[in-house]
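Listed here are the chains, written in short residue letters.
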Amino acid sequence: MHQAALLGGLIQDARHYGWEVAHPVPHNWRKMAEAVQNHIKSLNWGHRVQLQERKVTYFNIKASFVDEHTVCGVTKDGEKTLLSADHIVIATGGRPKYPMHVEGALEYGITSDDIFWLKESPGKTLVVGASYVALECAGFLSGMGLDTTVMMRSIPLRGFDQQMSSLVTEHMEAHGTRFLRGCTPLAVRKLPDGRLQATWEDRASGREDTGTFDTVLWAIGRVPETQSLSLERAGVKVDPDSRKVLVDARDATSVPHIYAIGDVAEGRPELTPTAIMAGKLLAQRLFGQSSDLMDYANVYHAYYKPLEFTVAERDASQCYIKMVCLREPPQPLLGLHFLGPNAGEVTQGFALGIRCRASYAQLVRTVGIHPTCAEEVTKLRISKRSGLDPTVTGC
């Protein structure tokens, strides 16, 4: 969807470069949504294949704790399976939350998870929230030419550099996104014509106002998937406010052999690459390969990065990365060969690391910035000498 929005901008620029493009250019949401959904399904299939190749047994069941060493899984048909283990890892993630105090929020609103599965265009959209998810969704909707409004209770991108945050919202406003600042939603109701009427309050004046939209999208935060896990049966403690699992530096919960990683763990960044790295290091510690802990302090963030090739189904057979390093530990990096999108930007960044004599060991401990082409460099694991297939099949 990011790429669709970027292409919309490029179409606008194209006439300046001699392309005779008739305007306006219509956007087919249904066709894009089908391509996005097919890509997500292919990723899920790729993960299933990887699990099978590594002889990992996969259960498609909803699990909860029975005791500190046992979980009970239930299928859609109600069939139960008991599983016991010496070590258990909780990695259930989180879900977008609804403002349950707002009348009509659950009945008529959607979340950022839902928008990727809409079969029809959301049309005129009200995005409620000021997080990076809210601005991300509003950004690509505006980029597709949709009438988009963002309702913010206070400041945008809380916790981020506010100078940069202001530049982001100024850029969005210049490209058609409207902002309702200092406003909180009160109710959403469905009109006879099927459209939605949102009512909100201006916090400064106390005045109520209304607007009509085709879609109301809630992007006000996420809640951890812990309520259905019966954590109390295993003695696992959670934060009373966030409901996230309390963990120590080793990612261990209040029960030493039960661990939690990713969005479900208290105090951890809600970032996919961070969770992936934490999981790898935890596995290495559990099975005696390492004592390294996850470094949560030095995680670099980047957002609004497009997946250039996937949804457009471009031929990626020539996209290739080769990192050259000495074979002797710690395997200092000697050079990088990169063939793919944004190659100049990627190689410029890694050039500094190579000049500073970074090693392969340091490279694979670097958390990737997701989703970017550059993060693929940090995931290089297969050597040419091994003869294994280097094709990437998942995230």
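The model shown is predicted, which means the values in this text are computed figures rather than measured ones.

Trainee: Tell me about the sheet that holds strand β2 (residues 70–74), and please be specific about residues and values.
Mentor: Taken together, the 3 strands give an open sheet; going across it, the order is β1-β2-β3, and neighbouring strands pair in antiparallel fashion. In this open sheet, the two edge strands, each paired with only one partner strand, are β1 (62–67) and β3 (80–84). Taken pair by pair, the neighbouring strands of this sheet meet at an average axis angle of 30°, ignoring direction.

Trainee: How would you sum up the side chain of T125? Please name residues and give values.
Mentor: Residue placement: T125 occurs in strand β7 (residues 125–128). Beyond its immediate sequence surroundings of up to four residues, T125 is in contact with L141, D147, T148, T149, F213, T215 and L217.

Trainee: Tell me what's going on with the pairing of strand β8 (residues 148–152), and back it up with residues and numbers.
Mentor: Regular strands show a simple pattern: their side chains alternate between the two faces of the sheet. Taken across its 5 residues, β8 has 5 buried, putting it largely inside the fold. Judged from the 4 bridges that link them, β7 and β8 form a sheet pairing that is parallel. Paired with V127 across the bridge in β8 is V150. Crossover connection from β7 via helix α5 (residues 132–143) to parallel β8: handedness right-handed. Pairing geometry for β8 and strand β9 (residues 178–181), over 4 bridges, is parallel. Within the sheet, the bridge partner assigned to T149 lies in β9 and is R178. The β-α-β motif built from β8, the intervening helix α6 (residues 162–174) and the parallel element β9 has right-handed crossover chirality.

Reading the values: the criteria
Every chain is numbered independently, its residues counted from 1 as its sequence is written. Only residues with pLDDT of at least 70 get local features here, since the model is predicted, and only at 80 or more are side-chain atom pairs given and counted; chain-wide, interface and lining totals rely on the full set of residues. Only hydrogens and water are set aside when side-chain values are computed; all heavy atoms of the structure are taken into account. A strand pair is defined by DSSP finding two or more bridges across the two strands. A helix here means a DSSP run of H or I that spans at least four residues, while a strand means a run of E at least two residues long, and both kinds are numbered starting from the N terminus. Only the contacting stretch of a helix is used when fitting its axis, a line to C-alpha atoms as for every element, and angles between N-to-C directions run 0 to 180 degrees. Only heavy atoms matter for contacts: two residues are in contact if any of them lie within 4.5 Å across the pair. When a residue's accessible area, from a 1.4 Å probe over protein chains only, is under 20% of the maximum for its type it is buried; when over 50% it is exposed; and in between it is partly exposed. With strands facing away from the observer, any crossover in which the path from the first strand over the helix to the second runs clockwise is taken as right-handed.

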